Amino acid sequence: MKLNILLLLSLIASVAVPTSAQNKRNQKKIKQQKWRVQLLHKDNNEGVAVGDIDGDGKLDITAGEFWYQAPDFKQRPVRKLTSFGDDYLSNNSEHLYDMDGDGDLDIVAGTFKETPVNWYENPGAGNYDIAAWPVHRLVDTSTAHNEATFLHDIDGDGIPDFIENSWNAKNPTQIFRFVKDTAGRVNVERHVVCQSGNGHGMGFGDLNGDGKQDIIFQAGWYEQPAAGAFSGPWKYHHDFDLPHASCPILIVDLNHDGRNDFIWADGHNYGLYWHEQLAPQADGTTIWRQHMIDKKFSQGHALAWDDVDNDGEPELITGKRYYAHSGRDAGAKDDITVQFYDWSPTTQAWTKRLISTATAGEGPGIGLQIRVADLDNNGWKDLILPGKSGTHIIWNEGK
């Protein structure tokens, strides 16, 4: 009989980088962490967002055609999505932000193939028994072939910006700057980072130590201009290649040497890696050493960096994206897993901890976004995961 939603294994250590005997002894002392899976809806949606939609102080969830109202996560309609290909819904990302200045959260959504970006207006408390939320055009990006989108404050002004990632390397890399009018309504200003040079996977952070956020992607990175994010084109550095890189790529100083490293996964094959930044060349060229984290699961298309074991340090959270390319990727028929990895800066070792595993298509995997939030206020952060095996909550019940 196929596994139906859960086969939860708690804190099974699978060391991806060799650890010392002392580390192995320490593993035996770790108390068991418990997780519980809840299926919200079985469809092919791969975007998700978390926030207080109805203003009651509780975190709700949006995922594709529906939102789920806390505390019981009652399913309510938002919109209708079109399907394409063998098993896709036209939704590659969701974000929550007050777009019209009325004080409640609206939904900004990205798509795979369409050039327009829409936002969906929150009808407000007491008005949720409607067939769909009012829809508004944010911008026509003029580019399709979209891998994912991000709502990210690239210039540090406290207002997020909308950034597209495309699998088409010929597409421009561009940022749509959010600008609020006097009433708090959001308008956008287009800024082109590079006219031709995008690629599968994207992340944000300071790679060269100048205090400004750069953009990393499949074929290298873009350096933010000294005069600011929107002052002109960004300088391209082809210092590495990351085939089918994850969304996002995480920029973190893992070994605490003052230089930011990065973490990425191959979204369509086996392989989870971190790249250690070494001392740069005299001309500023960045130098990197690649390290393997795990090569026992495939399609780690999305990553998150958050503290899910309450040790005061963030962990690397990922899993298998079920049928990322409709079953044509390596390992497509493997069991679906969700897991996190503990990092030790002292030993520079990762310890893998399995959260859930299930027969392909029959349990939680990852889609294009991983959200981490304490939904039930128990002090432990939960995982909210969309994907082609359904939208799930994995409840963190602690140790």
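Here's a quick rundown of the structure.

What counts and how
Residues numbered from 1 in each chain as written. Predicted model: local features only at pLDDT ≥ 70, side-chain atom pairs only at ≥ 80, totals over all residues. Heavy atoms only, no water. Helix = DSSP H or I, 4+ residues; strand = E, 2+ residues; numbered from the N terminus. Rg over C-alpha atoms; globule rule 2.2 N^0.38 Å. Areas by Shrake-Rupley, 256 points an atom, 1.4 Å probe, with all protein chains shown as cover. Lys, Arg positive; Asp, Glu negative; His and termini not counted. Charge placed at Lys NZ, Arg CZ, Asp CG, Glu CD. Buried < 20%, exposed > 50% of the residue type's maximum accessible area, 1.4 Å probe, protein only. Pairing = 2+ DSSP bridges. Axes fitted to C-alpha atoms, helices over the stretch in contact; angles between N-to-C directions. Core = buried A, V, L, I, M, F, W, Y, C linked by side-chain atoms within 4.5 Å. Contact = heavy atoms within 4.5 Å. 1 Å grid on protein atoms, 1.4 Å probe; cavity = no way out; pocket = protein on both sides within 12 Å on 5 of 7 lines; lining within 4 Å. Points joined across faces, edges and corners; volume = space filled by probe spheres on them. Salt bridge = Lys/Arg side-chain N within 4 Å of Asp/Glu carboxyl O. Polar contact = N/O pair within 3.5 Å; in protein donor to acceptor, adjacent residues only side chain to side chain. Phe/Tyr/Trp six-rings, centres within 6.5 Å; stacked < 30°, edge-to-face > 60°.

### Regarding the overall build of the chain
In step 1: Along the backbone of the chain there are 1 helix and 31 strands.
In step 2: In terms of overall dimensions, the chain is globule-like: its C-alpha atoms have a radius of gyration of 21 Å, near the 21 Å expected for 399 residues.
In step 3: With the C-alpha coordinates aligned to their principal axes, the bounding extent of the chain is approximately 60 × 60 × 40 Å.
In step 4: Surface exposure of the chain reaches about 16200 Å², of which carbon and sulfur atoms provide 48%.
In step 5: Distance between charge centres in the chain, computed from 37 positive and 56 negative side chains, equals 7 Å.

### Re the pairing of strand β9 (residues 93-97)
In step 1: The element β9 is extensively covered by neighbouring structure, given that 5 of its 5 residues are classed as buried.
In step 2: Here β9 shows no split at all, with Ser93, His95 and Tyr97 on one side and Glu94 and Leu96 on the other all buried.
In step 3: Sheet topology places β9 next to strand β10 (residues 106-110); 5 bridges connect them, and they run antiparallel. Bridge pairing in β10 links histidine 95 to valine 108.

### Section: the sheet that holds strand β13 (residues 146-152)
In step 1: With antiparallel pairing, 4 strands are arranged side by side in an open sheet as β13-β14-β15-β16. Pairing within the sheet leaves two strands with one partner each, and these edge strands are β13 and β16 (186-194). The average angle at which neighbouring strand axes cross in this sheet is 20°, direction not considered.
In step 2: Sheet topology places strand β14 (residues 161-166) next to strand β15 (residues 173-180); 3 bridges connect them, and they run antiparallel. Counterpart to phenylalanine 162 in the pairing with β15 is phenylalanine 176.

### Points about unusual backbone geometry
As a rule of thumb, non-glycine residues mostly have phi less than zero, and peptide bonds are mostly trans rather than cis.
In step 1: Cis rather than trans, the peptide bond between alanine 70 and proline 71 has omega equal to 10°.
In step 2: Following cysteine 247, the chain continues to proline 248 via a peptide bond in cis, the omega torsion being 5°.
In step 3: Looking at the element boundaries, proline 248 is found in the loop between β20 (235-237) and β21 (250-252).
In step 4: Positive phi is not limited to glycine here, since histidine 244 has a value of about 50°.

### So, the nonpolar core
In step 1: Among the nonpolar cores identified, the biggest contains 16 residues, and Ile154, Ile175, Phe204, Ile215, Tyr222 and Trp234 are the most heavily contacted of them.
In step 2: Contributing elements (two or more residues each) for this core: β13, β16, β17 (202-205) and β18 (214-217).
In step 3: Excluding anything up to four places from it in sequence, isoleucine 154 contacts Asp161, Ile163, Ile175, Phe204, Gln213, Ile215, Gln224, Ala229, Phe230 and Trp234.
In step 4: Among the nonpolar cores identified, the runner-up in size contains 15 residues, and Val37, Ala302, Val338 and Phe340 belong to it.

### Quick notes on the layout of surface pockets
In step 1: For the largest pocket, the calculated volume is near 710 Å³.
In step 2: Considering the residues around the largest pocket, the lining is formed by 31 residues, among which Phe150, Pro248, Leu303, Ile370 and Arg371 are closest to the centre.
In step 3: Those elements that provide at least two residues to the lining of the largest pocket are β3 (49-51), β9, β13, β17, β21, β25 (304-306) and β29 (371-373).
In step 4: Of all the elements, β13 adds the most residues to the lining of the largest pocket, at 5 residues.

### Describing the pattern of salt bridges
In step 1: Taken as a whole, this structure holds 13 salt bridges when the rule is applied.
In step 2: Its salt-bridge partner being arginine 289, residue glutamate 276 comes within 3.5 Å of it at the nearest N-O pair. Taken together, the positions of glutamate 276 in strand β23 (residues 270-278) and arginine 289 in strand β24 (residues 287-298) put the pair 13 residues apart, joining distant regions of the chain.
In step 3: Glutamate 276 sits in the buried class, given a relative accessible area of 11%.
In step 4: Here aspartate 342 makes a salt bridge to arginine 353, at a shortest N to O gap of 2.9 Å.

### Remarks on the environment of aspartate 161
In step 1: Inspection of the secondary structure puts aspartate 161 in strand β14.
In step 2: With 14 residues separating them in the primary sequence, aspartate 161 and isoleucine 175 have C-alpha atoms 6.8 Å apart.
In step 3: Leaving out residues up to four positions away in the same chain, aspartate 161 has contacts with Phe150, Leu151, His152, Asp153, Ile154, Asp155, Ile175, Phe176, Arg177, Phe178 and Phe230.
In step 4: Within polar-contact distance, the side chain of aspartate 161 engages the backbone nitrogen of phenylalanine 178 at 3.4 Å.

### Observations concerning the packing of aromatic side chains
In step 1: Taken as a whole and judged by the stated rule, the model has 21 aromatic pairs.
In step 2: Centre to centre, the rings of tyrosine 88 and phenylalanine 112 are 5.5 Å apart; their planes meet at 75°, and the pair counts as edge-to-face. Here tyrosine 88, found in strand β8 (residues 88-89), pairs with phenylalanine 112, found in the loop between β10 and β11 (116-120); they are 24 residues apart in sequence, far enough to count as distant. Phenylalanine 112 shares its class with tyrosine 88; the two are buried.
In step 3: Arranged with centres 6.4 Å apart and planes meeting at 35°, the rings of tyrosine 128 and tryptophan 133 form a pair that is tilted. Across the pair, tryptophan 133 and tyrosine 128 agree in class, each one buried.

### A look at the sheet that holds β17
In step 1: Strand order in the open sheet made by the 4 strands is β17-β18-β19-β20, with antiparallel pairing throughout. Two strands bound the open sheet, and with one partner strand each, they are β17 and β20. Recorded for the sheet is a direction-independent mean angle of 20° between the axes of neighbouring strands.
In step 2: Pairing of strand β19 (residues 220-223) with β20 involves 3 bridges; the strand directions are antiparallel. Residue glutamate 223 lies in a different strand from β20, and its bridge partner there is lysine 235.

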